[in-house]
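Now for the letters of each chain:
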Amino acid sequence: MLEAIKQPWPWYVAGALIGLTVPYLLLVGNKSFGISSSLRHLCAACLPANIKFFKYDWKKEAWNLFFVGGIALGAFIAAQFLSNPDPLVLAEPTAEYLASKGITDTAALLPSEIFSWDQLFTLRGLIFFVVGGFMVGFGTRYAGGCTSGHAIMGLSSLQWPSLVATCCFMVGGIVMTWFILPFLLTL
Amino acid sequence: MEQAFQHTPTPQELADLKARELDAICVNESELVHPWWHNLKYAVWGILFGIVFVKAEIVSWFRIQEMFRFESFHMYGVIGTAVVVGLISVLILKRAKARTIYGEAIHIPTKTFNKGQIYGGLLFGLGWAITGACPGPLFAQMGAGFSVIIVTFVSAVAGTWVYGLLRDKLPH
């Protein structure tokens, strides 16, 4: 049993549970699913700096911070006790492409060639951590939501602005992956 | 017994709700006031969520590369199933005129279109492909022990903050 749990879980199990988050949050407290707002509540809680956008009672949205805290804790539990002993199985063409860029370590969920502290103060590291993170935080708030708020909650409730946002997420990701990352990976 | 009580919002509270509603898809619409530990029901679901995130490898940078390179079905399967399950659930809740466990009518705020969904969406997409993480997976990656992701996370919070600072000057 534990052996089976330690294997990677299939997409339909993950998809079903993520989808059920929508009715769960509505039923237990009339909350609309969304994760990127937690970043905003952190700003409002820690450094509102008299900016109108952060001047609200963040404690009213504290549920969101409990939710993301739970995500971190759940990930810790999974990594500590349920972790897959085998390397990640990657699609053949992706593996070949990444190998051509010097990325071959699939032992963990993130490649150690990029995501380690000794890479932080390289040009590539600064782009991957600092610039990348900034774009995620700035972009999701500008768009009014992220994958959870727009792609899952928004599409589930048939809101067309969320479809626009989701398409833009995909276009941005595709442009980066095909036209910019091949260069960034070789930095 | 629940210590929740119904309460009529004051003008200050309405102004506060207006501020929170700016560029947010999830606003706490509930008018009930609960003691803090009621939030544990969100933490518990979050824990389940975090476990699934790691076990289905959704928080893996590699899976995001596969997705954007169209070389694996995995992430499309995850997101597609989630949307279908969410869609059916919302239909059932609406059809049944379901109420929350506290008896409030369920309310889903309507999203209005603005150009931010295009500009911000594109910018987030670019960042998503670099970091291999949207905001949820950032929390999961840190929890799973990738300590350097703290830097990405702090940058994401900084990005949100700078957006708040510049909001009135940006096209919407």
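Residues numbered from 1 in each chain as written. Chains lettered and ligands numbered in written order. Predicted model: local features only at pLDDT ≥ 70, side-chain atom pairs only at ≥ 80, totals over all residues.

### Quick look at the interface of chain A and chain B
Thinking step 1. Contacts between the two partners involve 121 residues from chain A and, on the opposite side, 113 residues from chain B.
Thinking step 2. Within the residue set of the side of chain A that touches chain B, elements represented by two or more residues are helix H2 (11–29), helix H3 (37–46), helix H4 (62–81), helix H5 (92–100), helix H6 (123–143), helix H7 (147–156) and helix H8 (160–184) of chain A.
Thinking step 3. Among the elements that line the side of chain A that touches chain B, the one with the most residues is H2(A), at 18 residues. (Contact = placed C-beta atoms within 7 Å. Helix = DSSP H or I, 4+ residues; strand = E, 2+ residues; numbered from the N terminus.)

### What to know about the domain arrangement of chain A
Residue and element names in this part refer to chain A.
Thinking step 1. You can read the domains of chain A as domain 1 (1–83) and domain 2 (114–187).
Thinking step 2. Placing a centre on the C-alpha atoms of domain 1 and another on those of domain 2 gives a separation of 18 Å.
Thinking step 3. Contact residues are listed per partner, giving nine residues for domain 1 and ten residues for domain 2.
Thinking step 4. The set of elements that each furnish at least two residues to the side of domain 1 that touches domain 2 consists of H2 and H3.
Thinking step 5. Grouping the amino acids of the side of domain 1 that touches domain 2 by side-chain chemistry returns five nonpolar, three polar and one charged. (Domains from an automatic or database assignment. Nonpolar A, V, L, I, M, F, W, Y, C, P; charged D, E, K, R; others polar.)

### Quick word on unusual backbone geometry
Residues and elements named next belong to chain B.
Thinking step 1. Of note, Glu57 is a non-glycine position whose phi angle comes to about 60 degrees, a positive value.
Thinking step 2. For Glu57, a count of 21 C-beta atoms within 10 Å puts it in the buried group.
Thinking step 3. The phi angle at Phe70 is positive, at roughly 55 degrees, despite the residue not being glycine.
Thinking step 4. Examined against the element boundaries, Phe70 turns out to sit in the loop between helix H3 (61–68) and helix H4 (74–95). (Buried ≥ 20, exposed ≤ 12 C-beta atoms within 10 Å, placed from the backbone.)

### Remarks on the nonpolar core
Thinking step 1. Among the nonpolar cores identified, the biggest contains 98 residues, and Ala14(A), Ile152(A), Val52(B), Phe53(B), Val54(B), Val78(B) and Ala144(B) are the most heavily contacted of them.
Thinking step 2. For this core, the element with the highest residue contribution is H4(A), accounting for nine residues.
Thinking step 3. Two domains each donate at least three residues to this core, and these are domain 1 (1–83) and domain 2 (114–187) of chain A.
Thinking step 4. In this view, Ala144(B) contacts Ala75(A), Phe76(A), Ala78(A), Ala79(A), Leu109(A), Val54(B) and Val59(B); residues no more than four positions away in its chain are not counted. (Core = buried A, V, L, I, M, F, W, Y, C linked by C-beta atoms within 7 Å.)

### Points about the packing of helix H2 (residues 40–55) of chain B against helix H6 (residues 135–143) of chain B
Residues and elements named next belong to chain B.
Thinking step 1. H6 packs onto H2 with a crossing angle of 80 degrees between their chain directions and a minimal axis gap of 10 Å. Looking at the two axes, H2 sits roughly perpendicular to H6. Residues Gly50, Phe53 and Val54 of H2 lie in contact with H6, whose contacting residues are Gly136, Pro137, Ala140 and Gly143.
Thinking step 2. Classifying every residue of the contact of H2 with H6 by side-chain character gives four nonpolar, three polar and no charged. (Axes fitted to C-alpha atoms, helices over the stretch in contact; angles between N-to-C directions. Parallel < 35°, antiparallel > 145°, perpendicular 65-115°, else oblique.)

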